[in-house]
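Single-letter residue listing:
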Amino acid sequence: MGQENNYSTWVEIDLSAIEDNVRYVRELSGVQVMATVKANAYGHGVLPVARAALQGGATWCGVARIEEALELQDAGLDCPILVLGYIPAGRLPDAIKQEISMTVWGHEQVKMVSELREKGGIPARLHLKVDTGMGRLGCPPETAVPLAEYISELPGILLEGIFTHFARADELDSSTSDHQEEIFRTIIFELQERGLKPPLVHAANSAASLTRPSAYFDLLRLGIAMYGLHPSPERPAPASFRPALTWKSLLSQVKVLPAGSGVSYGHEYI
Ligand SMILES: *Cc1c(COP(=O)(O)O)cnc(C)c1O
């Protein structure tokens, strides 16, 4: 039975498309996939999408805000969740208590989490975000190693991951991505030398996941391609990818007007 008896316009989400798209990337890459389900799963409906992505082989969920992480947990999802955005100080205790992984980029944040962490509990899990050229959240490259050292010295916190974000991976010219990856690799190398390299190194968004095997590292943060949409016209998703969302509307009325009639406000159309 279609929706047309009850709605004049609606969207249909094909969850098997989400599952298949994730499975493709998971098998192509051989590394872990984080389903990026921020903003209500790009408008697709966060809970069904997250479940479908996990079914397709994703092992993590990524969100922008702590409220989104708590919503996933309240619904019973027990995969690890990373908050990719800023967590206000007042919500840090919730993140710690709920064992939600947190993105950090500054000494003050890190110190605050360490102090909030009750002694004897499971360490709070941090992912250090490095700004290698996106120009948004993240520490400058030169502070990444000192910050990782600082984290290793404080009680109650654990550096679980380190990541960066590509600004132009969806373009044919890869020079910016090459440069960003080089900066990131230098940091990873320095961490490794100091015995500080965390278990999860990640960099790739959808565009990099589909075009840049050198940036796979340990995990891919899959967003737009998981929904079956192209990262850009220059970097289309593989032909087997199916868009999950279809928007349908009823043609409500059809009629013939006399030639020369005006249509709608201001009669803009004649
Ligand atoms: C949204 C987001 C992604 C996913 O990006 P897509 O281009 O949609 O694949 C990956 N990483 C971070 C940090 C994000 O905020």
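The structure we're discussing is the one just above.
Please read these numbers as outputs of a predicted model, since none were measured by experiment. (Residues numbered from 1 in each chain as written. Predicted model: local features only at pLDDT ≥ 70, side-chain atom pairs only at ≥ 80, totals over all residues. Heavy atoms only, no water.)

Peer 1: For the site of the ligand, give the residues involved together with the corresponding values.
Peer 2: Surrounding the ligand, one finds Thr 36, Lys 38, Tyr 42, Leu 84, His 165, Asn 205, Ser 206, Arg 221, Gly 223 and Ile 224. Ser 206 is positioned with one of its side-chain polar atoms (N or O) 2.5 Å from an oxygen atom of the ligand. Contact with the protein chains hides 87% of the accessible area of the ligand, taken as 390 Å² for the molecule alone. One can see that the ligand is located within the largest pocket. Looking at the shell around the ligand residue by residue, the classes come out as 3 nonpolar, 5 polar and 2 charged. (Near = heavy atom within 4 Å. Polar contact = N/O pair within 3.5 Å; in protein donor to acceptor, adjacent residues only side chain to side chain. Areas by Shrake-Rupley, 256 points an atom, 1.4 Å probe, with all protein chains shown as cover. 1 Å grid on protein atoms, 1.4 Å probe; cavity = no way out; pocket = protein on both sides within 12 Å on 5 of 7 lines; lining within 4 Å. Sits in = over half its atoms within 2 Å of the grid points. Nonpolar A, V, L, I, M, F, W, Y, C, P; charged D, E, K, R; others polar.)

Peer 1: Describe the nonpolar core, and please don't skip the residues or the numbers.
Peer 2: Ranked by size, the top nonpolar core spans 71 residues in total, and within it Val 37, Leu 72, Met 102, Ile 162 and Met 226 carry the most contacts. Apart from residues no more than four positions distant in its own chain, Ile 162 is found in contact with Leu 128, Val 130, Phe 184, Ile 187, Ile 188, Leu 191, Pro 198, Leu 200, Val 201 and His 202. Counting residues in each nonpolar core, the second largest holds 7 residues, with Met 34, Leu 82, Leu 84 and Leu 219 among its members. (Core = buried A, V, L, I, M, F, W, Y, C linked by side-chain atoms within 4.5 Å. Buried < 20%, exposed > 50% of the residue type's maximum accessible area, 1.4 Å probe, protein only. Contact = heavy atoms within 4.5 Å.)

Peer 1: Lay out unusual backbone geometry in plain terms, naming residues and giving numbers.
Peer 2: Positive phi outside glycine occurs at Ala 39, with the angle close to 55°. Locating Ala 39 in the fold gives a position in helix α2 (residues 38-43). One non-glycine residue, Ala 41, lies in positive phi territory at about 55°. Along the polypeptide, Ala 41 turns up in helix α2. (Helix = DSSP H or I, 4+ residues; strand = E, 2+ residues; numbered from the N terminus.)

Peer 1: Tell me what's going on with the sheet that holds strand β8 (residues 200-204), and back it up with residues and numbers.
Peer 2: The strands making up a sheet associate through backbone hydrogen bonding, with each pair oriented either parallel or antiparallel. With parallel pairing, the 8 strands of this closed barrel are ordered in space as β2-β3-β4-β5-β6-β7-β8-β9. For this sheet, the mean angle separating the axes of adjacent strands, direction not counted, is 30°. Sheet topology note: the strand β4 (residues 81-83)/strand β5 (residues 101-104) ladder contains 2 bridges and is parallel. Looking across to β5, one finds that Leu 82 is bridged to Ser 101. (Pairing = 2+ DSSP bridges. Axes fitted to C-alpha atoms, helices over the stretch in contact; angles between N-to-C directions.)

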